[in-house]
Amino acid sequence: MASVNSREWRAVCEKFLRSQELSEKESRKDPENDPFRSKYEARELLKEIYCFLKNVDADESEEEEEEGEEEDGQCEQSESEGGEAAGGRTHPGDSRAGLRAAKLGVVEYYLGVNHIETEELSAGEEHLMSCVKLLEKCAVTRENVSLCIQARNQLGILWAGRDETEKAQGFLETAKSIYVRYMKEDGQPPLDLVDFFVVEQEAPSQQERMRRFEMVYTHTLYYLAQVYKNLEQYEKAGQYCHSTLQRQLKFSQFVPLEWAINAAALSQYYITKTRYMEARHCLAAANVIAGLAGEVPSEAAAKESEVEYEKREQLRQKRAEIARCWIKYCRNLLEDAKKLLEDNIGELDLDRQEEMLRARRDEEEEKERGRKSAVLFDSSDTFDSICRQEEKVSSVLPLIFEEASAIFLVGQGYVAQAKEYFEMDGHVTDHIEILQDHSALFKVLAFFEERLERRCKMHKRRVDILEPICKDLNPQYYLLICRQLQFELAETFNEMMDLKLGVADKQDQPDAHTIKKLNHLCTSSIKYYQMFLDSIRSPEGKFPEKLEDDLLRPALAAKFRVARLQSKIITTNLNAQLENLNHSLDSYNFVVQYCEENPEAKKAVETELELSEEMVSLLPMKINRIKSKLASSN
Amino acid sequence: MFISSLALQLDGRLDGRVEAPGDSRERLLEFGFDYCYWSVNPEAPNYASQEEVFHDLGVSVLAGAAEGYNICLFAYGQTGSGKTYTMMGTPDSTGLTPRICQLSIFSYFSFLEIYNERVRDLLRGNDQKKPTPLRVREHPEKGPYVQGLSQHVVSDYKQAEHLLKEGISNRITAATHVHDASSRSHAIFSIQYTQAILENNLPSEIVSKINLVDLAGSERADPHYCRDRITEGANINKSLVTLGIVISALAQNSQMCSSSQSINSMLSEGDGSTVGSHSSSLSSSGRRHCFIPYRDSVLTWLLKDSLGGNSKTIMIATISPSYSSYNETLSTLRYAAHARNIVNKPRVNEDANVRLIRDLREEIDRLKSMLLNFSMRNPSPSLSDERDGSFSDIVLQNEIKVCA
């Protein structure tokens, strides 16, 4: 800039600064009926700067200009992003021509963004493309690397907005490779876009430059995440979300609570992919980073001021939400293990268990170690704390009761934590979902328990958790939840009865107490199935002639189970026996008749229907025998 | 129960067809709805008046409430297409809300507005200096509610009308580019409908809630219209602040059995708030249970019970007949057609009943062999054919033997 006198240059810099100010700050205050006023003003300033640069440099470097024109011809073929790498680069970015191109490029860039922001997309695209073209002639250097990436970020956004996702992907992938290459070959703090237009004493520190540059690239990755999401390549999208989070952490560019919630949410994505190692890592990091958000203000403080109240609310809520993500982690880990180990009637398959244990000894550890290095939030000073969090719970599918139990306990701890915030009063649906998870944790734990009595106790805990709320809830508002609870309770009682029967089978002489207990479980199960079935009735109490699709299967299955349970009530009284069997027959008949009247229902309950038909034909015989016995005993 | 009855208002053709504007390529798109109304030109032979709309929809709202259902009626559509006209109306042409009010005197009324995820009471009067946003909560007995929202009882229609007017005048109606009287806020007018009945000869009452919702404009979240809204579709969100949205979409998408349970996707489109979802419904095995830790929008929260469960819901999609609104019209219709399918499925988790079936098969075999014994005229009274029965049968036998 030797020949430009410093006063003139200072004026240019001020103009530039002013345009930034207008575009970023003042535009927010523009009136609704003239929403782009400041943006248009900023645009005018940018145009003036552009003319100035063109003129000054034209005087200065006519020769280079001519040279440049020749190159333009050569460059034409490399218009597409793909061909760019091979494109004809001649002068280094830090040469005089390179600097000139960079400076013009910066102005083109801002003009491009300005046009896009004022909804002149084509004009915006042109400016951005001229920026890219200007730089095509130069090698990537400290001076222009940031600009190269930012222009492509913007073009990526632009094309994504036009639903041309692949095109967007092209620009962003190029941006990514430019970054990777620069960091490999140079890696020094590069110039930021605004650095070209600041007077020297105001130039930012090297550290600040690096920070800004890394932020630009973090955005590239974030845009890639979205592009791949839109392309439905979720695996890749997940990776880029993860890298975005990782970089936010690494460069300390995050709001703790927000970051923690995002990491916790990402864990849920990993859970759906059964990648428990990654899920746990995200959750552990969420715990640690949420801890950075500070202490929860006391209740007293919250009462004093609205600000403290909000803060207390936020912190408690977000931490409780992270706890809920942990609950799901524990639950899914246990349930996936169960799926792996169960035999065809849902019991623990001991051979399979043995086989799995052997296989794990052989290979598992090896494999996990390899995977671990790939996705860690490894670059931050919080790393050790994250590891400590991870050590508290396994990320490997449990194979034996002790392992399952350890995971269960962690899950249960988080249940308690989550319930502290999500209380029944005020958070009904959230609270109940947590209780349902708690119940599910007990259920899956029972799978790993061999002793029947203890298993039964675990199911009893489920009843204790769910029964009270089921009574409190108004079905007018929570019909769905009520039905779920009723069904689950009915099943749990049924399960308990089966287990108790198993225990009793081992006894020689079942006592009256056991029989009473069994009958209680049986009738409780019937009661809840019946409540579920009653919830389907109209306000006048009529059962619908035609069940809605989504209720068809559960309703008929419930009826079928009621039929079965009714015949299982133990009594010595022949009259009572007769009555129970008649009820049972009625219920089987209901299933059969419904399917006769609605043939489309048959598919939903094939097995149940087949069995019900058989029972309808066989039960009368049993009933008749009791009848004749009754007659003969009289 | 969820009844989605979609009324196509302001559509050019009664069969719900929309023609592409101008160009030579003729495109006909068909959408099926329960009712369609044309209310542009009162002179037109097929003109649907407010009375007619009320007759079809308003009456069924009241009938449903009388049966004890919670009812939700909401209007969705582009700004300027007649949402507020339909829901509220004008002085000479009253809309659904005042008409329904008129017939539900002696109920509790409340009127609130959701603007920028904050709830404001529209009937608070001027007594509160600084309106702090109200909090949305859930009560086990009374369902979702707004803490501190004022409730009003009216004894005649005049008072009801007065309340309604007061509320409307308190709404924040920021002008948008399209239509200056339009609003960017959602307004919910709630009626707690109570009626005395005799149940088993004892006086009792049926309480039901009617929510009449005037949604904010549906126009595409565009920086031009509203800069704090989030873009949708294939657009890229620029700011890292929106990372959560991307992650949650990811987690939701990859959920195995992704039947859209989320009513959020349906309602928060208009307000663009962070969309959260709970995989609330238990489901068939195979699907993983996730918790996606982003909060539901306030609107979704408040209408939770209306959209899933014991409630009848009516959606009115309003569209403009103008060519220039073609895209908006199309997206509104698509949305409405989609909403029709968002029925909150009360799915219950059914455990594998393999064991039950196995047991029953055994019993059937036993019964069959018993039958066989019978038909072979071998009436053995010893019940030995049930010897290998389940525990309960054994108990039974023992007892019978004892009795014998």
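Residues numbered from 1 in each chain as written. Chains lettered and ligands numbered in written order. Predicted model: local features only at pLDDT ≥ 70, side-chain atom pairs only at ≥ 80, totals over all residues. Heavy atoms only, no water.

## Examining the overall build of chain B
Then, in step 1: Tallying secondary structure elements over chain B gives ten helices and 17 strands in all.
Then, in step 2: Split into buried and exposed, the 404 residues of chain B put 54% on the buried side.
Then, in step 3: Contacts in chain B between residues far apart in sequence, at least 24 positions, make up 68% of those at least 6 positions apart.
Then, in step 4: For chain B, the exposed area adds up to about 17,900 Å²; of that, 52% sits on carbon and sulfur atoms. (Helix = DSSP H or I, 4+ residues; strand = E, 2+ residues; numbered from the N terminus. Buried < 20%, exposed > 50% of the residue type's maximum accessible area, 1.4 Å probe, protein only. Contact = heavy atoms within 4.5 Å. Areas by Shrake-Rupley, 256 points an atom, 1.4 Å probe, with all protein chains shown as cover.)

## Observations regarding helix α8 (residues 206-230) of chain A
Then, in step 1: Over its 25 residues, α8 of chain A extends 37 Å from the first C-alpha to the last, a length consistent with the 36 Å expected when each residue adds 1.5 Å.
Then, in step 2: Just beyond α8 of chain A, the residue with positive phi is E232 of chain A, at close to 60 degrees. (Expected span 1.5 Å × (residues − 1).)

## A closer look at unusual backbone geometry
Residues and elements named next belong to chain A.
Then, in step 1: Of note in the backbone geometry, E232 takes a positive phi value of approximately 60 degrees without being a glycine.
Then, in step 2: With respect to the secondary-structure elements, E232 resides in the loop between α8 and α9 (234-250).
Then, in step 3: We classify E232 as exposed; its relative accessible area is 57%.

## Regarding the side chain of E390 of chain A
Residue and element names in this part refer to chain A.
Then, in step 1: Locating E390 in the fold gives a position in helix α15 (residues 383-391).
Then, in step 2: Nearest to the buried, unbridged E390 among oppositely charged side chains is R280, at 4.0 Å.
Then, in step 3: A polar contact is formed between the side chain of E390 and the side chain of H281, at a distance of 3.0 Å. (Lys, Arg positive; Asp, Glu negative; His and termini not counted. Salt bridge = Lys/Arg side-chain N within 4 Å of Asp/Glu carboxyl O. Polar contact = N/O pair within 3.5 Å; in protein donor to acceptor, adjacent residues only side chain to side chain.)

## Observations concerning the interface of chain A and chain B
Then, in step 1: In this assembly, 121 residues from chain A lie in contact with 98 residues from chain B.
Then, in step 2: In total, chain A and chain B occlude about 10,000 Å² of area from one another, counting both sides; carbon and sulfur atoms represent 57% of this.
Then, in step 3: On the chain A side of the contact with chain B, Q476, Y477 and R625 of chain A bury the most area, a combined 8% of that side's loss.
Then, in step 4: Across the contact surface, chain A and chain B share 25 residue pairs in polar contact (both at pLDDT 80 or more).
Then, in step 5: Here the side of chain A that touches chain B is built from residues that sort into 50 nonpolar, 31 polar and 40 charged. (Buried area = accessible area lost by both parts, 1.4 Å probe. Nonpolar A, V, L, I, M, F, W, Y, C, P; charged D, E, K, R; others polar.)

## Quick look at the packing of aromatic side chains
Then, in step 1: Counted by the stated rule, this structure contains 27 aromatic pairs over all chains.
Then, in step 2: Judged by centre distance (5.7 Å) and plane angle (75 degrees), the ring pair of Y182 of chain A and F213 of chain A falls under edge-to-face. Of the two residues, Y182 of chain A is situated in helix α7 (residues 165-185) and F213 of chain A in helix α8; the sequence distance between them amounts to 31 residues.
Then, in step 3: For the ring pair F109 of chain B and F189 of chain B, a centre distance of 5.5 Å and an interplane angle of 45 degrees mean the geometry is tilted. Residue F109 of chain B is located in strand β8 (residues 108-115), and its partner F189 of chain B is located in strand β13 (residues 186-199); the two are separated by 80 residues in the primary sequence.
Then, in step 4: For F189 of chain B, a relative accessible area of 1% corresponds to the buried category. (Phe/Tyr/Trp six-rings, centres within 6.5 Å; stacked < 30°, edge-to-face > 60°.)

## Focus on the nonpolar core
Then, in step 1: Ranked by size, the top nonpolar core spans 207 residues in total, and within it Y109, F197, Y329, F448 and L473 of chain A carry the most contacts.
Then, in step 2: The biggest single contributor to this core is helix α19 (residues 475-506) of chain A, with 14 residues.
Then, in step 3: There are two domains that each give this core at least three residues, and those are domain 1 (48-269 + 279-350) and domain 2 (353-403) of chain B.
Then, in step 4: By size, the runner-up hydrophobic cluster in this structure holds 33 residues, among which are L62, I71, A160 and Y193 of chain B. (Core = buried A, V, L, I, M, F, W, Y, C linked by side-chain atoms within 4.5 Å. Domains from an automatic or database assignment.)

## Concerning helix α17 (residues 428-448) of chain A
Then, in step 1: With 21 residues, α17 of chain A ought to run about 30 Å at 1.5 Å a step, and its terminal C-alpha atoms sit 31 Å apart, in line with that.
Then, in step 2: Counting buried positions along α17 of chain A yields 21 of 21 residues, so the element is predominantly enclosed.

## So, the pairing of strand β5 (residues 70-77) of chain B
All names here are of chain B.
Then, in step 1: Counting buried positions over the eight residues of β5 gives eight, a clear majority of the element.
Then, in step 2: Neither face of β5 is exposed, since N70, C72, F74 and Y76 on one face and I71, L73, A75 and G77 on the opposite face are all buried.
Then, in step 3: Examined bridge by bridge, β5 and strand β17 (residues 311-318) share eight bridges and lie parallel to one another. What sits directly across from Y76, in β17, is A317.
Then, in step 4: Alignment of β5 against strand β14 (residues 202-214), held across five bridges, turns out to be parallel. Across the sheet, residue L73 finds its bridge partner in β14, namely L212. (Pairing = 2+ DSSP bridges.)

## Here we look at the pattern of salt bridges
Between side chains of opposite charge, a pair can form when the charged atoms approach closely.
Residue and element names in this part refer to chain A.
Then, in step 1: With the rule as written, the count across this model stands at 47 salt bridges over all chains.
Then, in step 2: Where E208 meets R211, a salt bridge forms, and the shortest distance between an N and an O atom there is 3.2 Å. Of this pair, E208 and R211 both sit in helix α8, three residues apart, roughly one helical turn.
Then, in step 3: Judged by relative accessible area, R211 falls into the partly exposed class, the value being 38%.

## As for the pairing of β14 of chain B
Residue and element names in this part refer to chain B.
Then, in step 1: Where β13 lies against β14, 13 bridges are found, and the strand directions are antiparallel. From the neighbouring strand, S190 faces β14, where its bridge partner is N211.
Then, in step 2: Counting the residues between successive antiparallel strands, the hairpin from β13 to β14 contains two residues, one of them, N200, with a positive phi of roughly 50 degrees.

## Overview of the state of the cysteines
Then, in step 1: According to the stated counting rule, one finds zero disulfides over all chains in the structure shown.
Then, in step 2: Lacking any disulfide linkage, C241 of chain A is separated from the closest cysteine sulfur, that of C282 of chain A, by 10 Å.
Then, in step 3: With no disulfide partner, C325 of chain A has as its closest neighbouring cysteine sulfur the one in C290 of chain B, 8.5 Å distant.
Then, in step 4: Take C325 of chain A: its relative accessible area is 0%, and that puts it in the buried class. (Disulfide = S-S within 2.5 Å.)

## Topic: the UniProt feature "binding site: ATP" (unreviewed entry) in chain B
Residues and elements named next belong to chain B.
Then, in step 1: Under the UniProt annotation, "binding site: ATP" (unreviewed entry) lies at G77, Q78, T79, G80, S81, G82, K83 and T84.
Then, in step 2: On the secondary structure map, K83 appears in helix α2 (residues 83-87).
Then, in step 3: You can call K83 buried: its relative accessible area is 6%.
Then, in step 4: Setting aside anything within four residues of it in sequence, one finds K83 in contact with A75, Y76, G77, Q78, D214, L215, A216, G217 and T318.
Then, in step 5: With respect to the helices, strands and loops of the structure, T84 is situated in helix α2.
Then, in step 6: Beyond its immediate sequence surroundings of up to four residues, T84 is in contact with G89 and D214. (UniProt positions renumbered as here; feature names shortened; annotations may be inferred.)

## Considerations on the packing of helix α1 (residues 6-24) of chain A against helix α4 (residues 96-117) of chain A
What describes two packed helices is the angle between their axes and the distance between those same axes.
All names here are of chain A.
Then, in step 1: Where α1 meets α4, the axes come as close as 12 Å, and the angle between the chain directions of the two elements is 25 degrees. Judged on the interaxial angle alone, α4 and α1 are roughly parallel. Considering the relative orientation of α1 and α4, their crossing is left-handed. Every residue of α4 that contacts α1 at W9, F16, Q20 and S23 is listed here: K103, V106, Y110 and E117. (Axes fitted to C-alpha atoms, helices over the stretch in contact; angles between N-to-C directions. Parallel < 35°, antiparallel > 145°, perpendicular 65-115°, else oblique. Left-handed = near helix turned anticlockwise from the far one by under 90°.)

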